[in-house]
Amino acid sequence: MSEPSVTSRLRLSGLCFLLQTLTILLFAAFVRFSPESSPGLCSQPLNCSQRNQDSGLQHPRFWDVHLQTLLGFGFLMAFLSRYGPGSVAISILVVAFAIQWAVLLQGFLHQFWNGKIHMGAQSMVRADFGAAAALISSGAVLGRVSPEQTLLLTLLGVTLFTLNEYTLLSLLGVSDSGGSVTVHTFGAYFGLMVSRTLRQPHREQREGQQDTGHQADVFAVVGTIYLWIFWPSFASATTAHGSAEPWAVLNTYFSMAASTMATFILSPVLYEESTLRMVQIQDATVAGAAVMGMAGEMLVTPFGALIAGFLAGLIPPLGFRFLTPFLCSRLKIQDTCGVHNIHGLPGVLGALLGTLLAALATADAYGGRLELVFPRVARGSRTRTEQALLQLSALPLSLLLAALGGCLTGLVLRIKGLRSAPTNRYLQNTEVDEEGCEHRKEPGTSTLV
């Protein structure tokens, strides 16, 4: 075995050991189970009225959200024919560390009193959101960074995600229960800026980049099924129980259905193949769900979700056809998994839709749910216009933090000793264009466009 491979293997092992030791020490010093999660352990200073709700409702939600994070998001990065199993393994590594780190950071901001972090099932749900953002970010640089670089990206990405989420949701009172801005938009553009900072022109063109089998479609089939089953729970995991929750679940289903139909409408026009690949259907499903992250609990009629989902479903085929080459050739941003098309832009669309719905929110339309969706508007401490402006401000604030944080993270990952050259065997289902840009291989282009 060569010396570089031994060094790389030990470097990953050492970094994992260091980070896990750090989290164990921090958990030992600060983290305790909340009384709501511990039968028979309820002290007077703490509110234990939600004990039954936490154990009865949050645990199934946590299972759904966790499966969605591991399998739904994990299989999104498994389209590279030879890299599929490896990308799933790296996804599990990201989730394993991100959940621990997010519980700590979010605990210090939200659940820290008497010198301890008191966590329950809802803490794990919020931590899974942080893990999802980290997975989205790593999709932009998939196949071009080493596992240890991915782990450091997760460390810094989850830290910035937590800061962004706390600023928007807690300080500004923005409503974004499904993460259109905090998860999808932030995760995508953070990863894109890391990719831009890490970009190095290829010294030689790779040849023979042909799809070697159907493994990518197999991963896409499984991933798409898990998205349909578990994403509605993911989108509604932090909504108020028994009221706004059904809106988020049902609107997410309608949006995913409409986005899938939109892709079947547009893709045959853009590409020569009349039959869609499963990867394209998976992209449409994600886009339809991402657009409902903010608006899912706000839409009072299902036809709005159908319209939003249809528009979101048009983004991935148009994005892969036109925007991905433009990003690489003009802006020098390589986007291996196309996170800009399936997470970033649908998240932006969801933020704009959420802004519009906040401006139109009235007690007549929402009834008692106004207190759950826009509590400050319902209490009279904030007008609809003010809430809408804050919803809109979440977008530039997240983009700014993602851009600055992504550049800083990229500089950290370029430190000597962490760099790793792209490996051909990891990129069998990508193509390299005349600009030296690698991105996902799409079907043949139609002569209609």
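All of these numbers come straight from a predicted model, not from anything done at the bench.

Caption draft 1: A look at the pattern of salt bridges. On inspection of all chains with the given rule, the structure shows three salt bridges. Where Arg 126 meets Glu 165, a salt bridge forms, and the shortest distance between an N and an O atom there is 1.9 Å. Of this pair, Arg 126 sits in helix H4 (residues 121-140) while Glu 165 is found in helix H5 (residues 147-171), placing the two residues 39 residues apart along the sequence. No difference in accessibility class separates Arg 126 from Glu 165, as the two residues are buried. One salt bridge in this structure joins Arg 379 and Glu 371, with 3.4 Å as the shortest N-O distance.

Caption draft 2: Region of interest: helix H9 (residues 278-290). Compared with the 18 Å implied by 1.5 Å per residue over 13 residues, the 18 Å span of H9 between its first and last C-alpha is a close match. Burial analysis of H9 places 12 of its 13 residues in the buried class, which makes it a mostly covered element. Those residues of H9 not exposed but buried are Val 279, Gln 280, Ile 281, Gln 282, Asp 283, Ala 284, Thr 285, Val 286, Ala 287, Gly 288, Ala 289 and Ala 290.

Caption draft 3: Layout of the pairing of strand E3 (residues 116-119). Bridging between strand E1 (residues 31-33) and E3 involves three bridges; their strand directions are parallel. The partner of Phe 33 across the bridge, within E3, is Met 119. Two strands pair when backbone bridges link them, and strand E2 (residues 112-113) and E3 are joined in this way by two bridges, in the antiparallel orientation. The partner of Trp 113 across the bridge, within E3, is Lys 116. From the end of E2 to the start of E3, which pair antiparallel, there are two residues, and Asn 114 there has a positive phi angle of about 55°.

Caption draft 4: Main features of the side chain of Arg 126. Exposure remark for Arg 126: the relative accessible area of 16% places this residue in the buried category. The contacts of Arg 126, once residues within four sequence positions are left out, are Gln 106, Glu 165, Leu 169, Ser 177 and Thr 238.

Caption draft 5: Representation of the packing of H9 against helix H11 (residues 302-331). Axis separation between H9 and H11 bottoms out at 7 Å; the angle between their running directions is 130°. When the axes of H9 and H11 are compared, the pair comes out oblique. For the pair H9 and H11, the crossing hand works out as right-handed. Taken together, the residues of H11 that come into contact with H9 (itself represented by Asp 283, Ala 287 and Gly 288) are Ala 312, Pro 316 and Phe 320. Split into classes, the residues belonging to the contact of H9 with H11 amount to four nonpolar, one polar and one charged.

Caption draft 6: Highlighting the packing of aromatic side chains. Per the counting criterion, the structure on display carries 10 aromatic pairs. Taking the centre distance of 5.8 Å and the plane angle of 15° together, the rings of Phe 186 and Phe 190 count as stacked. One end of the pair, Phe 186, and the other, Phe 190, are both in helix H6 (residues 180-198), four residues apart, so they sit about a helical turn from each other. We classify Phe 190 as buried; its relative accessible area is 0%. Over the ring of Phe 129 we find Arg 126, and its NZ or CZ is 4.7 Å from the ring centre.

Conventions and cut-offs
Residues numbered from 1 in each chain as written. Predicted model: local features only at pLDDT ≥ 70, side-chain atom pairs only at ≥ 80, totals over all residues. Heavy atoms only, no water. Salt bridge = Lys/Arg side-chain N within 4 Å of Asp/Glu carboxyl O. Helix = DSSP H or I, 4+ residues; strand = E, 2+ residues; numbered from the N terminus. Buried < 20%, exposed > 50% of the residue type's maximum accessible area, 1.4 Å probe, protein only. Expected span 1.5 Å × (residues − 1). Pairing = 2+ DSSP bridges. Contact = heavy atoms within 4.5 Å. Axes fitted to C-alpha atoms, helices over the stretch in contact; angles between N-to-C directions. Parallel < 35°, antiparallel > 145°, perpendicular 65-115°, else oblique. Left-handed = near helix turned anticlockwise from the far one by under 90°. Nonpolar A, V, L, I, M, F, W, Y, C, P; charged D, E, K, R; others polar. Phe/Tyr/Trp six-rings, centres within 6.5 Å; stacked < 30°, edge-to-face > 60°. Lys NZ or Arg CZ within 6 Å of the ring centre and 35° of its normal.

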